[in-house]
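Structural overview
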Amino acid sequence: MEISGCNEAKQPVDYVNPYLGNISHLLVPTFPTIHLPHSMLRVYPERGDFTGDVLNGLPIVVTSHRGSSAFNLSPLYTEREELTPVIKYSYDNEKITPYKYHVYLDEEDITVDYTLSHQSAIYKINFGNEDKNGNSTIIINSRNGELKWDGSAISGYQNLANNTKVYLYLVPELLPVSASVLTDGILKEGHSASGRNASLVLKWPKDYKELTFRYGISFIDEDQARRNMEREVADKSFNEIAETSRNIWNDELGKIQVSGGTEDDRFLFYTSLYRTYERPVSISEDGRYFSAFDGKVHDDFGRPFYTDDWIWDSYRAHHPLRILIDAKREEDILNSFVLMSEQMENLWLPTFPEITGDSRRMNSNHGVISILDAHIKGLGNFDLKKAYMAGKGAIMDKTLAPWSGSPSGELDKFYHEKGYIPALREGEEETIPEVHSFERRQPVAVTLGTSYDQWSLAQLAKSLGLKNDYEYFMNASFNYRNLFNSETGFFHPKDKDGKFIQPFDYRYDGGMGARGFYGENNGWIYRWDVPHNIPDLIDLMGGKKVFVDNLDNMFREPLGKSKYDFYSQLPDHTGNVGQFSMANEPSLHIPYLYNYAGEPWKTQKRVRTLIKQWFRNDLMGIPGDEDGGGLSSFVVFSQMGFYPVTPGTTEYTIGSPFFDHVKINLGNGNFFEIETINNSPENKYIQSATLNGKPFNKVFIDHFDIMKGGKIVFEMGNKAKRDYFTTD
């Protein structure tokens, strides 16, 4: 498939810029990851940050988004006086695509090329310097584990957390003339090494200029790593593997075809879409997988097992995007959630499932929202009753204290009786043992988030015919009301006696990350955190006009402090427009809320403006922590022209499409197209629309109407058509 609207025809993968966002505005940047969609083998260059002057060896596998590489490969000429387990390299001419890596290690005069498959990869290393006296050499390092050379291959493992290991099987195409162990900078005889920085050194004659290494990785054992390598790369050339991987990426990215818009718009779109395929990852290997959730190897019974999914980030737009373009994979992912729940000590849905198990990070238990969203949109190839029971257990039997996997305690008893999490007053000592000393109670964030979770449980209970559960959870879904301060129009923390904490500043109070009351963002962001009942939020604030005024005021309210002071307290709250933060997931739905109050033109303006300001095709083109697709999914939806404000319903709300034409492959034999007339950066306002040739003036479109296939056409203009849309 070719993309039109540019000087030369390009395929979707040619519009991926892995460097986009590699320099962060404040916290964690994006990483230029080489991987296949949802595959367990991922790598990126090992350096301190994008501007880092050296590479720390060459990576073998990254086992967690943002993690450092397990194992390390360092090519060199062995003429240096001292060897280290990982060599630091000056480098130049680096080039990265989603499926291939090239770099020149300039001081060594070594050229490196790399490409990969799902669970295995190939390195080509060219030793180019004729003047070097030493042998062509590689050092293989396990930072904490064991390695051995058996005369034809290196195999071994590296210890991760929670009794989890990653295994390696690496085969050189040409056999070395010697193998040694590196200990404390000294080469010693031997073919096996263990412990910290276990390292083997292989040497070839000086005239062996090009060395090729094929390897497989596994979470099961060394033999499975060997089989993964043999299945995927053993009998294939570098170019064959790279071409296959390129085609895989084009097939996946080509599920959404865009044309028109600017060249940078297309780079932003396909790079964002590429990032949504980094996580979660399938760790099934020949029909089996190792689960850190119970420490056992399981048969996958023909269905891939997925993990490494930070649900607090991904439930908002990442999971809904997959429902739209990759429903079968989404069912397998949710099936994996259910399996994790069964494998853990308690039947509780995971919150942050990783390779090493569930780390129980962030607040609330939003996996239940993704379960509901899939169910309500017609997906069903997972056990809904078990998923419901696991969600119910996570909310009723596990503590609601952030970053904790403990059973429920006094804090939870209070919430279930009083309908809110009580806040501590300044100087009041924490007495609840399950409360994290840094993350604190986050009482408003947890109350609002759990209200949404319980609304989701109510809808699932209704589908399952559980009338009493439905009534209980539906009543609990209004718990956000218990913290609404009608005098200020904000959600306001209360103490255990039901009194609002006073005096109070919604910008700054709550300490680091506002965690004493909110969570990473301040009260201006959590003012809008009721996506499951926006009409009621409008009523609480006093009607549509007040609601819109409050939205406007958020975008206009100044920081009130120097940037230094503001961000030293709220480092996640970057990408500011007034008090709005484009950098963190709780903000993503906010620009679309104007649609619910009769001012859709403000959503159209705001979405276009925010993306132009904060998402760009450059090194600082991501305003905050991208979270492996959590933030990028917002861009994908928004550039197409619609967004899922409330996962768990079938509604998408309309924004302002960026492209002349979008064609979505729905995976069911149907395609949905979005076409714009007179589209341009200035013509951001929708003047009129048709759906399948009939007039369309609603700000919402239903998921099932999209899944039938068809076309929506928008006529665009440079001034708002304020009376065109209806919210009915």
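The structure displayed is predicted, hence computed values, not measured ones.

1. Digging into the packing of aromatic side chains
- Tallied over the full model, the rule gives 43 aromatic pairs.
- Ring centres 5.0 Å apart and planes at 40 degrees place the aromatic pair F555 and F580 in the tilted group. Remark: F580 occurs in strand β28 (residues 580-581) and F555 occurs in helix α14 (residues 544-556); sequence separation between them is 25 residues.
- What makes F580 buried here is its relative accessible area of 0%.
- Grouped by ring-pair contacts, the aromatic residues F490, F504, Y506, F517, Y518, W524 and Y526 constitute a single cluster.

2. Here's the deal with the sheet that holds strand β35 (residues 700-702)
- Here three strands make up an open sheet; going across it, the order is β29-β30-β35 and the pairing antiparallel. Each end of this open sheet is capped by a strand with a single partner; those strands are β29 (642-643) and β35.
- Inspection of the sheet shows strand β30 (residues 651-654) paired to β35 by three bridges, in the antiparallel sense. For T653, the partnering residue across the bridge sits in β35 and is F700.

3. So, unusual backbone geometry
- For the peptide bond that leads from R279 to P280, omega is -10 degrees, which places it in the cis range.
- If you trace the backbone, P280 turns up in the loop between α3 (263-275) and β19 (281-282).
- Here the residue pair Q502 and P503 is connected by a cis peptide bond, since its omega of -10 degrees sits within 30 degrees of zero.
- Tracing the sequence through the fold places P503 in the loop between β26 (490-491) and α12 (523-526).
- With a phi close to 50 degrees, N197 is a non-glycine residue in the positive phi region.
- Mapped onto the secondary structure, N197 falls in strand β16 (residues 192-204).
- For N197, a relative accessible area of 36% translates into the label partly exposed.
- Positive phi values are uncommon outside glycine, yet A514 reaches one of about 55 degrees.
- Along the chain, A514 falls in the loop between β26 and α12.
- Overall, A514 belongs to the buried group, its relative accessible area being 0%.

Each value, and the rule that gives it
Residues numbered from 1 in each chain as written. Predicted model: local features only at pLDDT ≥ 70, side-chain atom pairs only at ≥ 80, totals over all residues. Heavy atoms only, no water. Phe/Tyr/Trp six-rings, centres within 6.5 Å; stacked < 30°, edge-to-face > 60°. Helix = DSSP H or I, 4+ residues; strand = E, 2+ residues; numbered from the N terminus. Buried < 20%, exposed > 50% of the residue type's maximum accessible area, 1.4 Å probe, protein only. Pairing = 2+ DSSP bridges.

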